[in-house]
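# Overview (structure and organization)
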Amino acid sequence: MLVENVRLLDRLSPKRSRPGTLYLTATHTIFVEESSSVGSRSESWVLHSLVSSVEKLSSSAAGCPLVVRCKNFQVLHFGIPREQDCQDVYLSLLRLSQPESYEELYCFSYKPNTDERERQQEWELVDLQAEYNRMGLAGSLWKLSSVNQHYKVSDTYPADLFVPESATPPVIVGSSKFRSRGRFPTLSYYCRETHAAICRSSQPLSGFSARCLEDEQMLEAILRSNPRSDFMYVVDTRPKLNAIANRAAGKGYENEDNYANIKFQFIGIENIHVMRNSQQKMLEVSELRSPSMSDFLEGLENSGWLKHIKAVLDASVFIAKAVAEEGVSVLVHCSDGWDRTAQVCSAAAVLLDPYYRTLRGFMVLIEKDWISFGHKFSHRCNHQVGDPKEASPVIDQLLECVWQLTEQFPCAFEFNERLLITIHSHVYSCQYGNFVGNSQRERAELGLRKRTHSLWSYIWDNHSDYINPLYRPGHSQTQGLLRPSTAPYCFKFWRGLYNRFDQGMHPRQSVEDYLSAIQEETQQLEEQLASHKQKIAQLEQEQVWGGVGQRGAAACERSPTAWAPSHSLGLANTPQDYTGGFMTSSPLQSRPFAPPTSSDQSCETCLSTGSDQESGIADVSCRSPLSEDSSRDPDSDEAASSEPV
Amino acid sequence: MASPVSVYNSNAMDTRISSTSRDSLKMELLADVSLLPGEDRITDKDIIYICPFNGAVKGKVLITNYRLYFKSSEADVVVILDVPLGAISRVEKMGGASSRGENSYGLDITCKDMRNLRFALKQEGHSRRDIFELLFRYAFPLSHSLPLFPYVTQEKFEESGWTVFTPIEELRRQGLPTNKWRFTLVNKNYELCDTYPTLLAVPYECRDEDLKRVATFRSRGRIPVLSWIHRENQAVIVRCSQPLVGMSGKRNKDDERYLDLIREANDTVKLTIFDARPSVNAVANKATGGGYEGDEYQNAELVFLDIQNIHVMRESLKKLKDIVYPNVEESHWLSSLESTHWLEHVKMVLSGAIQVADKVSNGNSVLVHCSDGWDRTAQLTSLSMLMLDSHYRTLRGFQVLIEKEWISFGHKFASRIGHGDKNHADQDRSPIFVQFIDCVWQMTKQFPTAFEFNERLLLTILDHLYSCRFGTFLYNCESARDQNEVRMKTVSLWALVNSKRESYLNPFYTPESGRVLYPVASMRHLELWVAYYIRWNPRIRQQQSPVEQRYLELLALRDEYLKKLEELQRSDSSPSSRLANSSSSSATSPSTPSQQYTHLQTPL
C-alpha cells in the first residue's frame, strides 16, 4: 500500500513538516521523504510490531492527521491529504500491529543473510548451564533437579532448576502444590563467598490458616544449604495490603510462626496495573512540547514513576546487602513470582556480582531471571492482540533501574546506555525470538530456537557499539557490592529512552564520544607499539642471520594483522592498513575527533578514501557528532517556544 | 616575597571528615592552620560545633581577620571548617544565660554560600560576648570603619590579574572602531554616567553633545552603548537602562534618533529592543518615571523577556536553601524543587539570552535593558556573548567577560553581595551573579567540549565572590573602584586563577571559533547544580568526574605510548632504513614518530 503527498510532522514544532510518501509493507511502515537534493533521501522505518496505538484525529485543512505511537516511545505524526487514504492506513495499521497469532510475528519472517549453521550457533551464545557453573554451585549444597523435566511440576518454570541438596522430590512437589502456579522456591543466584543464595518462588497458598509441611521443609532445606547462617529472610515484594487481600483468595504470605527461623519482610512494590498507569502518566509528561517547570516536575512527581523505580531498587539493595554483608539467604516472591520477583532478583544480582555488570553477564542475567523463569513477555509487551490489562512495563523498570545505577556508578558497567535501549526495543519488536512467548515451555513449542534469530548474538557481534568507555574492571567501584544511594534526588528522568526520538532535545555534545575516540587512539598506539617491537625483533633476527630483504617485506605484510584491532568489524586488513588503519578500524563514522591522518606520501591513495570521512582533524564538523544541529533552526528546539510571537 | 597560598578554596572551606590517628591530635590543634600573608590571628577558643550531619563536635575555633577556622578535638572524627569571614551574612546569639538544655547557648551564623553554622559555648564567664563581638567586628569591617581584607593582605602573585582586561584592548579585539562605531571618552570623569566605565563605544555619527542629551532620558544616565559586535554581519548588542518615559509618556527625539543610528549601522530593518522585565513590571515602572520604548520608536520592535526582579530571585534562592540545607528534602523532592522556582528563573534567563544571540547571529542589532541595566541586562548580554563568541569560552576570555559586562558596567556587587556589611536584611542583596554562573554551568553541561575552563573555576569564582580575599568583586562601579584605588591596593582573583591555570582547564576542550552555542533551555535539560548548592552535604559524593578522570588517564597513556614509539624508532633508525631500502616496493613503511606526533596532537 502506498500513499503519496503525506507529511511527517515534527512533534516539537508542528510548523515544520516533511513531505514524502508513506508505504505499508507486510512488516514495516516506511516513510520516504521527498528530497530536494540527491543522495539525502531520508527514510523512517517503523516495525508494525512496535506500534502500540494508532489514532486518527479530526481532519483539518492540512489533511487528515494520523498519530502512530510506538512501544519504543517513538511518536509519528502524519498528515494524509485524503480522508479515505487515512482511514485505509488507519485500519491496515490497526490490523498489522496486532497479530492474532504467534505465527504472524516478525521474528518468523526476519531472515538476515546467515546460513542455518550460523543461526543455530547464535542460540548457543548464552548458556545458562555455564552460568550456574560460574556461580560456583559445583561444590555447594545445591543440586540440579530434574523434577521439572517436561514442565511437569510447573509449566511456567524452566526445565532445569537448582534446589537444595536436602530437598527430596516429594518435598519439592509438595511445596509446589502449596505455591501459586506450582512455582516452588528455587535458586536464582548463589553467592560463592558467603554461601548465601537468592531464591525465588510465587506466593504460598496459605489463605488464613493453611499450612504445608513440605513447603516448610523446603524453606528449611534452603536455610540448611547455607550452613553458616541460622535464619533466612523471606521477602514479599508486595505492599502489605495487597498481600493480605490475597489471603481472601486462598493465597497470601508465609506465617513466621509456621516456618522455622525465617524473618519475614514486606517491601512495597506496586502491581503491574499501578506501574502501567504510572508509566502512562510519565509518558504524557515526556511528550509535553515545552513543559513549564511545574508541568514537568510536578507531572513527573505525580506520575510516581521515579518512586516506583526507587521501590524496586530499595528492595534490591535490601536483598543484596543481606546476601553480601550478612551472608543470609533470601527467598523472594510476589504474587506469581514472575514480575516484581524477576525485577528484584535481577537488580540485586547486578548489585552483588560484577559479572552481571559486564556485557555478556547482563545478557545472561536477562536470559536467566526473565526469559527462563517465565516473565510473561508476550503478555506484558502486548506482542499480539490480547488483554490490555496484562500489559505492563515491568522489564522497562528493570532496565531503568540499571540505567540509574550506571548514572551513579559510571565506571562500574562494561555496557552503555545504548545496550539498555537496544534490549528495550527488541523486547517489544519481536524481531528476534528471545522474548517471544511467556515461558520456556511455550518457546520450545514454538520452536523459536529452530526458526528465529537471537538478539544476544546480534549484540555480541556488534559489541563495540555497546561498550562503555568509562568501564574500568580494576576500579574499586567495579568490585563487589554496589551501594547506591536511593535518596529521591538521585533518580533522574531517563531522557535517553523516553525522548530518544525527539531530535533537538538531546545534548549536542557527548564527552563519552571523546572518551571512546581517545581510548581507541590509545589502543591503536599500543598496537602500533607492539608491531614496532615485533618488527625490531625481526630485524634483529635478520641482522643475526644476515637475512635478505625478502624477510623484511614479509614482516611488513604480516604486521597489519598482528595489530589489527580485535573488534574491527570485518574490515579488510590490507597492507595499507598499516598506516591508514587508524581510519578503518572504527565502526563509527561520527567520531568527535578521529585518530590522525598520516602524511606519508606513499600512502596518499589509501588516505583519500579514509581520511575525508573520518578524520576529525581534517573536518571540523566531525568533531562533535551533531554539530550541524547546533546551527540552530529557531523551530528546532524547545527554547523556540518561548520566543516572542 | 610571600608565595601564594595554594589552596583550592571551595575545598578548603569544605567540611572534611576523616579518621585520623590520636598522635596528630595531641599536637596543638590550630598550629598547622596555614594563614594568608597579612592574615592575623584575632582570637581562639574552645567551642562545640553543632554539625547538622554528625551532631555536636568539640573543638577549637580560630578567628583571624580573614577567616573562621574550626577543628575538632575528638579522636574519631576530624571536622574542619574553613570559612572566609566574607561569606558570613549574619551572626546571632542563640539562647540566654538562663537557657537550659545541652548546647543551647551559643552562636548562630548564617552564610551567604548556602549553609548555616551553629556553635555552642559554655555559659559561664562572658566567653560568648567576646567572640561574638570580635566575629561581628571582623566579619563586617565596613560597619566598623575597618578596612576590607583585600586592603590588608600581603598576598603576591607573579602576574597581576588587573591586566587581564582593558576596555580598549577588548573592543579592538572585536574589530572596533569601525566606520560605524567610534570610541568616546565623554565619560572620562564619570560625568555622563557615574556607574559606567570611562571608555564607551557609540555610533560613529553621534556626537558627544547628543550623548549627553540621550543620557538625560535614560535612567541614571546609562545610555545605550555597544557591548559586542558581530565581526561578519556587524550586528551589535547594545546595553542601557530604561527610558524615562514616565506616566505622561515623555519622548526624547535624541534618544529616538540615537536608536535609529544603531539600527542603521548595519542596515537592520528593525532594531529589536529586549526589555528583560515582565511587561507588567515595565508598565509599573512608569509610575516612578521609568518605562519602556513605545510606538514612537518607529523602526524598533519591543520584546519583554519576563525575567523577574532581584527580590524574586533572592527569595527563590532562599527557598532553595531551605530544601537543601542541612537536609535534602526527601518526601516530595521534585515538587519542593519546583516550588522554589529557581530552575524556572534560570530557564527564563537562558532563553532570553538565546533570543538575543539568535537575533544577532541573524544579522539584527539588539538593544537590551531592564530597569537600571545592571542586573538582568548584564546576565543577558554576557550570556548571549558567551553563546556568540568563542573567545569568552576560554579561561582568559571568560575573565574578560566578567570584568567587562559585570564589573566595568557597574553590576552593583557591593550592594548585591554586601561585602563587609552587617545589614543582612538589606533589600538590595540578590544572587544575580550566582544565577549567571549557574546559567554558565548549565551551558557547560550541554556543551562539555566548548569551554576551556571547568566547573572548579565556576566554584572558585563563586567562593571569592563572597570571600573578600581579592579586590575583584569589591564596590558597585568603576568610579568607586577608582576612588578606593582597588587596582593599586588589592590583588585580583584572576591573579590566583592564572597562577594555577592547569587546575581550571577542561580536558575535553576543543577550540572551535565561529560557532554559536544554543543551549536548550528546557526543563528536561536544566539540572540543579548539586555540586554547588548541595556541596556541604557529606552525602554528596565530591568526586572528580570519572569521565574527566578517565579521559586524563587516557591522554597520559597516549603520550606515554607516543614517547615509547619515538624511542623505539630512534633505537631502530639504522635497521629501519635498511628495511625501507629492502622493501620499498611494499610502500607500507610507517611514517616516522615525529611526523605522527604532530598529527596525533588532538586539539585539546
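It should be noted that the structure appears before, not after, this text.
About the cut-offs
- Residues numbered from 1 in each chain as written.
- Chains lettered and ligands numbered in written order.
- Predicted model: local features only at pLDDT ≥ 70, side-chain atom pairs only at ≥ 80, totals over all residues.
- Heavy atoms only, no water.
- Salt bridge = Lys/Arg side-chain N within 4 Å of Asp/Glu carboxyl O.
- Buried < 20%, exposed > 50% of the residue type's maximum accessible area, 1.4 Å probe, protein only.
- Pairing = 2+ DSSP bridges.
- Helix = DSSP H or I, 4+ residues; strand = E, 2+ residues; numbered from the N terminus.
- Right-handed = clockwise from strand over helix to strand, strands pointing away.
- Contact = heavy atoms within 4.5 Å.
- Axes fitted to C-alpha atoms, helices over the stretch in contact; angles between N-to-C directions.

This next bit is on the pattern of salt bridges. Residue and element names in this part refer to chain B. For the structure on display, the rule yields 66 salt bridges over all chains. Here Glu256 and Arg251 are joined by a salt bridge, their closest N and O atoms 2.9 Å apart. Classification of Glu256 as buried rests on a relative accessible area of 12%. Where salt bridges share partners, they join Arg207, Glu209, Asp210, Arg213 and Asp254 into one cluster.

As a further point, take the pairing of strand β14 (residues 300-304) of chain B. All names here are of chain B. The sheet contact formed by strand β13 (residues 271-275) and β14 spans five bridges and is parallel. Of the residues in β14, the one forming a bridge with Ile273 is Leu302. Note that the unit made of β13, helix α7 (residues 279-284) and β14 has a crossover that is right-handed.

Residues and elements named next belong to chain A. Within the secondary structure, Glu34 is located in the loop between β3 (28-33) and β4 (43-47). A relative accessible area of 45% means that Glu34 is categorised as partly exposed. Here the alpha-carbon distance between Glu34 and Ser52, two residues 18 residues apart in the chain, equals 27 Å. Ignoring any residue separated from it by four or fewer positions in sequence, one finds Glu34 in contact with Asn5, Pro19 and Gly20.

This part covers the sheet that holds strand β12 (residues 232-236) of chain A. All names here are of chain A. Read across the open sheet, the five strands follow the order β10-β11-β14-β12-β13; overall the sheet is mixed. Edge positions in the sheet fall to β10 (186-190) and β13 (262-266), since each has one partner strand and no second. Strand-to-strand twist across the sheet, computed as the mean angle between neighbouring axes with direction ignored, equals 25 degrees. Bridge count between strand β11 (residues 197-201) and strand β14 (residues 330-333): four bridges; the pairing is parallel.

All names here are of chain A. Pairing within the open sheet is antiparallel, and its seven strands lie in the order β4-β3-β2-β1-β7-β6-β5. Both edges of this open sheet fall to β4 and β5 (51-56), since each of them pairs with a single strand only. Strand-to-strand twist across the sheet, computed as the mean angle between neighbouring axes with direction ignored, equals 30 degrees. Relative to β4, β3 runs antiparallel, the two being bridged by five bridges. Residue Val32 lies in a different strand from β4, and its bridge partner there is Glu43.

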